[in-house]
Amino acid sequence: MPSQKALVRRPGPRLAEGLVTHVERRAVDAGLAAEQWEAYTEALRAHGWETVEVDPAEDCPDSVFVEDAVVVFRNVALITRPGAESRRAETPGVEEAVARLGCSVNWIWDPGTLDGGDVLKVGDTIYVGRGGRTNAAGVQQLRAVFEPLGARVVAVPVSKVLHLKSAVTALPDGTVIGHEPLVDTPSLFPRFLAVPEESGAHVVLLGGGRLLMASSAPKTAELLADLGHEPIVVDIGEFEKLEGCVTCLSVRLRELYV
Ligand SMILES: NC(=O)NCCC[C@H](N)C(=O)O
């Protein structure tokens, strides 16, 4: 039976030292971050997802952003080689977790770099952002792993934000949504809907019409509700200070057979 599991990773003691690239550094309240993380994982569970915790990586400030360490398509997990060197020690724990769940495992190798936040799956199309964290070799290696499984890999330039999924994600019907000033080439997507807020571009599909979204995008939540979707809103403000979004705090394993 297909699973409804979601990998998550508890924030570690060094969270406040997480990388910032496109935003000013602001102090992170570790206690509040822990509460927000609990509420985020609770929202996943409340909507039918069993959360599976990856062992903590206490020395890695950014390890809570678990989606950057792995890309899963069908039953195959591609362990990334993060573009930021300080994040490379995050991957062994994630590799162990996906292997335990029964995925076959592949790897991005030197000189490739790839962050999971640069990978957006829409059906069998895999968009991969070529930007600050993912290089051309990483794109080629991703293609070599997933195209034989039936995926079509489409490379997309990313220059204005940290990751492709900082700029765009997709609705259940496949429409790609993004805040236009931050999207390099909206015309690359067959159906594109502009949203009024930067963090409005980030949705996690919970199933049915339910979309997990950040409370920092109220106008977008209203727009999407008006289009017949059901926003489920969580406050992830402490993670947004570190350029995190709702998407990067979990990895949903939708096609795992266990
Ligand atoms: N996929 C994501 O959007 N990940 C967010 C990563 C934030 C972290 N502070 C970083 O710069 O790597």
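Criteria and thresholds
Residues numbered from 1 in each chain as written. Predicted model: local features only at pLDDT ≥ 70, side-chain atom pairs only at ≥ 80, totals over all residues. Heavy atoms only, no water. UniProt positions renumbered as here; feature names shortened; annotations may be inferred. Near = heavy atom within 4 Å. Polar contact = N/O pair within 3.5 Å; in protein donor to acceptor, adjacent residues only side chain to side chain. Areas by Shrake-Rupley, 256 points an atom, 1.4 Å probe, with all protein chains shown as cover. Nonpolar A, V, L, I, M, F, W, Y, C, P; charged D, E, K, R; others polar. Helix = DSSP H or I, 4+ residues; strand = E, 2+ residues; numbered from the N terminus. Buried < 20%, exposed > 50% of the residue type's maximum accessible area, 1.4 Å probe, protein only. Lys, Arg positive; Asp, Glu negative; His and termini not counted. Salt bridge = Lys/Arg side-chain N within 4 Å of Asp/Glu carboxyl O. Contact = heavy atoms within 4.5 Å. 1 Å grid on protein atoms, 1.4 Å probe; cavity = no way out; pocket = protein on both sides within 12 Å on 5 of 7 lines; lining within 4 Å. Points joined across faces, edges and corners; volume = space filled by probe spheres on them.

Within an unreviewed UniProt entry, the label attached to the protein chain reads N(G),N(G)-dimethylarginine dimethylaminohydrolase, and the organism entered is Streptomyces populi. UniProt's Sequence similarities (unreviewed entry) comment on the protein chain is quoted here verbatim: "Belongs to the DDAH family."

### Describing the site of the ligand
Neighbouring residues of the ligand: 15 residues in total, closest Asp62, Asp68, Arg87, Arg133 and Leu242. Separating a nitrogen atom of the ligand from a side-chain N or O atom of Glu67 is a distance of 2.9 Å. In this structure, Arg87 approaches the ligand through a side-chain N or O atom, which is 2.8 Å from an oxygen atom. Protein contacts shield 100% of the accessible area of the ligand, which totals 340 Å² for the unbound molecule. Within the shell around the ligand, the residues separate by chemical class into six nonpolar, three polar and six charged.

### Looking at the side chain of Arg252
Residue placement: Arg252 occurs in strand S15 (residues 251-253). Buried within the structure, Arg252 lacks any salt-bridge partner; its nearest side chain of opposite charge belongs to Glu67, at an N-O separation of 6.7 Å. At a separation of 2.9 Å, a polar atom in the side chain of Arg252 contacts the main-chain carbonyl oxygen of Leu205. Beyond its immediate sequence surroundings of up to four residues, Arg252 is in contact with Lys5, Ala6, Trp49, Val204 and Leu205.

### Observations regarding empty space enclosed by the protein
To find the voids left in a structure, one rolls a probe of water-molecule size over its atoms. Tallying each qualifying case throughout the model produces two cavities of 30 Å³ or more. Of the residues that constitute the lining of the largest cavity, the class distribution is six nonpolar, four polar and seven charged. Roughly 40 Å³ of volume is contained in the second largest cavity. Taken together, the elements giving at least two residues each to the lining of the second largest cavity come down to strand S8 (152-157) and helix H4 (164-167).

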